[in-house]
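Each chain is listed here by its residues.
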Amino acid sequence: MSELNEIIDSLESKFTKLVQKLDALEVENATLLQELNKSRAEINNLRDTHSGLETRYDSLKLANSLLGNEENKRDTKLKINSLIREIDNCIAQLSE
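Residues numbered from 1 in each chain as written. Predicted model: local features only at pLDDT ≥ 70, side-chain atom pairs only at ≥ 80, totals over all residues. Heavy atoms only, no water.

Draft legend 1. Representation of the overall build of the protein within the structure. Counting its secondary structure elements, the protein contains two helices and zero strands. Against the globule reference of 12 Å for 96 residues, the protein gives a C-alpha radius of gyration of 33 Å, more extended than a compact globule. Considering only C-alpha atoms, the protein reaches an extent of 100 × 40 × 15 Å along its principal axes. The buried share among the 96 residues of the protein stands at 3%. Of the roughly 8900 Å² that the protein leaves accessible, carbon and sulfur atoms contribute 57%. Positive and negative side-chain charges in the protein, numbering 13 and 18 respectively, have mean positions lying 11 Å apart. (Helix = DSSP H or I, 4+ residues; strand = E, 2+ residues; numbered from the N terminus. Rg over C-alpha atoms; globule rule 2.2 N^0.38 Å. Buried < 20%, exposed > 50% of the residue type's maximum accessible area, 1.4 Å probe, protein only. Areas by Shrake-Rupley, 256 points an atom, 1.4 Å probe, with all protein chains shown as cover. Lys, Arg positive; Asp, Glu negative; His and termini not counted. Charge placed at Lys NZ, Arg CZ, Asp CG, Glu CD.)

Draft legend 2. Main features of a nonpolar patch on the surface. Where nonpolar side chains cluster on the molecular surface, the patch consists of Met1, Leu4 and Ile8 and spans about 340 Å² of accessible area. Residue placement: Leu4 occurs in helix 1 (residues 2-66). (Patch = residues over 30% accessible without salt bridge, like charges linked within 9 Å, V, L, I, M, F, W, Y side chains within 5 Å. Salt bridge = Lys/Arg side-chain N within 4 Å of Asp/Glu carboxyl O.)

Draft legend 3. Region of the structure containing the environment of Ser51. Looking at the secondary structure, you find Ser51 in helix 1. Relative accessible area serves as the criterion here: at 39%, Ser51 is assigned to the partly exposed category. For the pair Ser51 and Asp75, spaced 24 residues apart in the sequence, the C-alpha separation amounts to 20 Å.

Draft legend 4. Examining the packing of helix 1 against helix 2 (residues 73-95) more closely. It is the contact of helix 1 with helix 2, at a shortest axis distance of 9 Å, that shows an interaxial angle of 105°. Overall, the two elements helix 1 and helix 2 adopt an arrangement that is roughly perpendicular. Seen from helix 1, the contacting residues are Lys61, Leu62, Ser65 and Leu66; seen from helix 2, they are Lys73, Asp75, Thr76 and Lys79. Counted by class, the contact of helix 1 with helix 2 contains two nonpolar, two polar and four charged residues. (Axes fitted to C-alpha atoms, helices over the stretch in contact; angles between N-to-C directions. Parallel < 35°, antiparallel > 145°, perpendicular 65-115°, else oblique. Contact = heavy atoms within 4.5 Å. Nonpolar A, V, L, I, M, F, W, Y, C, P; charged D, E, K, R; others polar.)

Draft legend 5. Representation of a negative patch on the surface within the structure. A contiguous patch of negative charge on the surface is contributed by Glu3, Glu6, Asp9 and Glu12. Examined against the element boundaries, Glu6 turns out to sit in helix 1.

Okay, here's the thing in structure tokens:
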């Protein structure tokens, strides 16, 4: 009978340790999920910022070429031609 009690006590202590470990892992998991969500939000903010900066860069590049910068003159001509084609398409659609 004493042996049986020892086995039961051993199982109870192991079970208690497992429950404590489970609780600790659940807390750690929740913390990691919060960090993951924060990181995802930060990545989205950085993507938005990057997109805005790219737009501003393109605008500045276009402005420089319009001011006579030789480096971007070809890009400016291509952009203007693209805008003219878009305008022509709009006019054609309005004429129909």
